[in-house]
Every structure is written in C-alpha cells, then in structure tokens.
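# Residue-level structural notes
The primary structure of each chain is shown beneath.
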Amino acid sequence: MRPTLYDYVLSPSCYKARLMAALVGSELESVAVDFHPGGDHRKPEFLMLNPAGTLPVLTHGGLILTETTAMLVYLVRLAGRCEWLGGEDPASAARVQQWLAFSARLTASLGLARLHDMLGRPADIDAARWAGTLCLRELESALVENRLLGEDFLAGNAPTVADVACFPYVMLAPDGGVSLDPYPAIRAWTRRIRALPGFVEMPGIHRLHDLRPEPGEAEAAA
Amino acid sequence: MASVCGTLEVAVWRSASGRVAAWVDRCPHRGMRLSHGFVRGEMLSCIYHGWRFDGAGRCRKIPAHPDLDPPETIRTQSLACLDAQGVIWIASEAPAVAPPDLGNVVPLRSLTFEAGIDAVAAMTGEVPDRSLLRLDAHGPVPPLVLLLQALGPGRSAVHALAAPTGTGALVAASRALEDFRRRTEAQGIAA
Ligand code: FES
C-alpha cells in the first residue's frame, strides 16, 4: 500500500512531499484538498485528521504525519534511500537538521509574503519580505561558503532532505514580491536541484528549460 | 540574468561555449524581459513565444513560423560587453577606455546592498584591511578588490574579488563582506 498525501497543487509544502517521493522513486496516492477557495482544510472532517488544519498530511497505515519535514524523512527511509538523510557523522547530521529547521523560517517569511500576494492573506507585507530577504542572504552566504569548500548542496556534496525542504519557498519567492536576482549562488543551487534525476514540477517551478528538447525537435533528440 | 547599466535594464547571458552577451532587457517581439529567457547551446530563447537569438543578438528562429528565415533586422539591442578576470563589464556605448587591470585576484562573490552607491563608496573609505580584520576570529582576510555597481536609487551591487589564498581566508572574506553590508545599511537607517 502506498502512502497517501492530502495535497493541494499550489502549496509549496505539499510539493516538497511530491518532490521527495519523485526523487527517491516512490509513488504516492494523492487526495486533492480544496484549500482555496473551498477552505476544506478547516472543515471538521479534515480537522479529525489534522487538528492543526494545515496541509499537507501524509498517512500510511495507522501513521498520520502533519509536519512536512517528518514526511520527507519518512519517504526517504521507506524507499531505503538513506543517502538523502546526509552523512552519519555528528556534523553532517546536524547540518541537515539545521536546514530542516531553517526551512520553517522560509515558510514563515517568504511563504507568508506569497500567501499575502496570491491569496490576499493579511500580513505585514514589508516585514514578511524583509524577513524573507534576511533568510535568502543567510542561504546565499552558506551556499557561497559551501562552494568555496567544493560542496554543491546545503549539507555537503550530495542533495539531502535539507535541499528539498528549502528549495520550494526559495524558488517561489518572486510570487511574494521578493526577487532572486541578488542571489547568484542561490540561483545556481536551484538549477542543480532542477536538474536532478526524477525532478518533478509544480506551477511556478519548472525543470531546466535548457535540458528539455527544443519544441518540434523532440523526435530528433529522442 | 538581469542586471542594470546606468538606467538601462539589461539581460546578461553566457552561452554553452562561454560567450557572454549583454542586451537591453526587452524582447524585440512583444517586449518580454529577455532575462526571463533561457539559454540552450549558443542561443537565448525568449520565455514568451520562444523567439531565439544568437550571440550577436540576431533572431534566428521563430517557432510559430518554423520555415521562416527571420529577417536580419530583427535584433536585440546589444550593449558593449567584456569578460575579463571573472568580471563582466557592460557599457551602453562603446567605452573609450578598457576596464582596469585588477591585478592578481579571483572572483569571490557579489552582494546586493540596500544602500545607494555613494553610501557604499563612502563606507569603503574605512574598509581596507583594518576594519576587515575585526573578523580575525574567522581567520585573516586577504586583500579584496570591491567593484561597485549602481542598481538604482538606494540599491547597489558589490562585486568582490580576492587575492588567491586558502579556502578558510576566502570564507572569512565572505563573512567580512556581510559585516560590511550590515554596517553600510545601518548607516543608511541612522541617516
Ligand atoms: S515577446 Fe519574446 S518571443 Fe514574443
């Protein structure tokens, strides 16, 4: 039996679970939840599943997960692809945890700005954008340092759950009025993620165009 | 990528073989930002209707009319552009002088400051060595070359190059630049 994802296509958090599953080659059952405009995540039946009323929710057998980072770890272990959890030495393991926690700050800043701009969620938009900018500066600096050390991803030389947890809200920052133009190291990192085997898209996040066949030349390339 | 040259918005891109070009950031078709486009091989494709331009800015393919050889007059507006020492220099008119020789340095990183170029320039007066050495805890900082670029009122970019040195010193230099940015932006808020 496959895990079931209660899913909303425009939610970056739901996308994290879909992306993780795709990257480790697993499949999910998907139940679409009408987050907007239906507000089904606030309805009694949904609150029975997740009292917090947040998306996504992942269920598998009797297990109910409501925190996205926990889902990522679960999907990786379920697929036996533990290389996605990072190295086992204390520093490597801690670096992964550091970025998983950091991803919550991205959601609270860039994610809030995006909800404000796209769905009219009330917010102090300048404060949300500035908090997001500070997060992006932190991420940019870390990626610059990693590159100086010869590392391509957040927790070392291979992608981990940390990259999957941070990538979507960063990539969608422009939806909340925060440009990625000032961050060359972040842009290069998002390109590396978008080029990973198994990568899947969501509205607003695309595979690298450069790697796609030219329209009309698909047959020639195949 | 998107950049700025004076008051001009500019798209700068590098082809697969490494050739760099800078164009006014408007597609000759319907004015879409070319910096939103994508590079495949030696051509840049506009994201909107897929018109493809070669390194010289000439339109080579219009997907809606695959059999048409696009007329030579369909071109992007090119800027003068030079790739030297890891820095891409752009100018809206052919410049009279070559960019300065920066000496023996390697590119470190580029940062955007929420401060005008004059404010950044004023702060650099106190940058060289002494204030950067405040960060000795992270290791000694190598000599830096800072290139300042105005991005608009109250915004600028600092492109930093460093004398070749060990990784630890480069990391320290990167942190020193962040410290420099925090202090520069704080000055602006205080003013
Ligand atoms: S606007 Fe660029 S191809 Fe149409």
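Conventions used here
- Note that residues are indexed from 1 along each chain, following the sequence as it is written.
- Here every chain gets a letter starting at A, and every ligand a number starting at 1, in the order they are written.
- This being a predicted model, a pLDDT of at least 70 is required before a residue's local features are given, and a value of 80 or more before pairs of side-chain atoms are given or counted; all residues contribute to the totals for chains, interfaces and linings.
- Side-chain metrics in this entry use all non-hydrogen atoms of the structure; hydrogen atoms and water are not considered.
- Here the nonpolar core consists of buried residues drawn from Ala, Val, Leu, Ile, Met, Phe, Trp, Tyr and Cys, with membership extended through side-chain atoms lying within 4.5 Å.
- Partly exposed residues are those whose accessible area sits between 20% and 50% of the maximum for their type, while under 20% is buried and over 50% is exposed, using a 1.4 Å probe and protein chains only.
- In this description a helix means any DSSP run of H or I spanning at least four residues, a strand means any run of E spanning at least two, and both kinds are numbered starting from the N terminus.
- An automatic or database domain assignment supplies the start and end points of every domain.
- Strand pairing is assigned whenever DSSP identifies at least 2 bridges connecting the two strands.
- Axes here mean lines fitted to C-alpha atoms, for a helix over just the part in contact, with angles spanning 0 to 180 degrees between N-to-C directions.
- pLDDT is a per-residue confidence score from the predictor, ranging from 0 to 100.
- Contact criterion: two residues are considered in contact whenever any of their non-hydrogen atoms come within 4.5 Å of each other.
- The salt bridge criterion pairs a side-chain nitrogen of Lys or Arg with a carboxyl oxygen of Asp or Glu, the two atoms within 4 Å.
- Buried area: the accessible surface (1.4 Å probe) lost by two parts on joining, summed over both.
- As used in this structure description, the phrase polar contact means that two N or O atoms lie within 3.5 Å; if the pair is within protein, one of them must be able to donate a hydrogen and the other to accept it, and residues adjacent in sequence are counted only when both atoms belong to side chains.
- When residue character is reported, Ala, Val, Leu, Ile, Met, Phe, Trp, Tyr, Cys and Pro are called nonpolar, Asp, Glu, Lys and Arg charged, and the others, Gly included, polar.
- Here a cavity means grid points, on a 1 Å grid over the protein atoms only, where a 1.4 Å probe fits yet cannot get out; a pocket means an open set of points with protein on both sides within 12 Å along at least five of seven lines; lining residues are those with an atom within 4 Å of a point.
- Grid points are joined across faces, edges and corners, and a volume is the space filled by probe spheres set on the points.

### What about the nonpolar core?
If you look at the biggest cluster of nonpolar residues, it comprises 53 residues, and the most contacted ones within it are Met20(A), Leu136(A), Leu139(A), Phe167(A) and Trp189(A). Those elements that place two or more of their residues in this core are helix H1 (12–23), helix H3 (68–78), helix H4 (90–119), helix H5 (125–148), helix H6 (161–171) and helix H7 (184–194) of chain A. Residue contributions to this core reach at least three from each of two domains, namely domain 1 (4–81) and domain 2 (86–196) of chain A. Formed by 16 residues, the second largest nonpolar core is a distinct cluster that contains Ala115(B), Met123(B), Ala162(B) and Phe180(B).

### A short note on the pairing of strand E1 (residues 2–5) of chain B
All names here are of chain B. Burial along E1 is two-sided: Ala 2 and Val 4 facing one way and Ser 3 and Cys 5 facing the other are all buried. Taken together, the four bridges between E1 and strand E2 (residues 8–14) define a ladder with antiparallel strand orientation. Note that in E2 the partner of Ala 2 across the bridge is Ala 11. Counting the residues in the hairpin turn of E1 and E2 gives two residues, including Gly 6, whose phi is positive at 65°.

### Let's talk about the sheet that holds strand E3 (residues 20–24) of chain B
All names here are of chain B. A sheet is described by the order of its strands in space; here three strands give the open sequence E1-E2-E3, paired in antiparallel fashion. Every interior strand has two partners, whereas the edge strands, E1 and E3, have only one. On average, adjacent strands in this sheet sit at an angle of 40° to one another, irrespective of strand direction. Relative to E3, E2 is paired through five bridges, and the arrangement is antiparallel. Residue pairing across strands places Ala 11 opposite Trp 23, the latter belonging to E3.

### Points about the confidence of the model for chain A
In the predicted model, chain A carries a mean pLDDT of 94, and the fraction of residues at 70 or more is 94%. Contacts from residues 218–222 of chain A, a stretch scored under 50 in pLDDT, to residues over four places away or in other chains number two contacts.

### So, the pattern of salt bridges
With the rule as written, the count across this model stands at 21 salt bridges over all chains. Within the structure, one salt-bridge network assembled from shared partners comprises Arg2(A), Glu27(A) and Glu29(A).

### Quick look at the interface of chain B and chain A
Tallying the contact residues gives 22 residues for chain B and 19 residues for chain A. Of the roughly 1700 Å² buried between chain B and chain A on both sides combined, carbon and sulfur atoms contribute 48%. Taken together, the connections running from chain B to chain A amount to two salt bridges. With a shortest N-O distance of 2.7 Å, Glu145(A) and Arg175(B) are connected by a salt bridge. Here chain B and chain A share four residue pairs in polar contact (both at pLDDT 80 or more) between them. When residues of the side of chain B that touches chain A are traced back to their parent elements, those giving at least two are strand E4 (38–40), strand E10 (106–113) and helix H3 (167–190) of chain B. Ranked by residues supplied to the side of chain B that touches chain A, first place goes to H3(B) with eight residues. Taken together, the residues of the side of chain B that touches chain A break down into eight nonpolar, four polar and ten charged.

### Some points on the sheet that holds E4(B)
Residue and element names in this part refer to chain B. Taken together, four strands build an open sheet; the order of strands is E4-E5-E6-E7 and the sheet is antiparallel. In this open sheet, the two strands that pair with only one neighbour each are E4 and strand E7 (59–61). Direction of pairing for strand E6 (residues 52–53) relative to E7: antiparallel, over a ladder of two bridges. By the bridge assignment for E7, Phe 53 is matched with Cys 59.

### Quick word on the layout of surface pockets
Residue and element names in this part refer to chain A. Here the second largest pocket defines a volume of roughly 780 Å³. Together, 32 residues line the second largest pocket, and Ser 13, Thr 54, Leu 55, Thr 107 and Tyr 169 are the ones closest to its centre. Those elements that provide at least two residues to the lining of the second largest pocket are H1, H3, H4 and H6. When its residues are assigned to classes, the lining of the second largest pocket shows 15 nonpolar, twelve polar and five charged. Built from parts of two domains, the lining of the second largest pocket gets at least three residues from each of domain 1 (4–81) and domain 2 (86–196).

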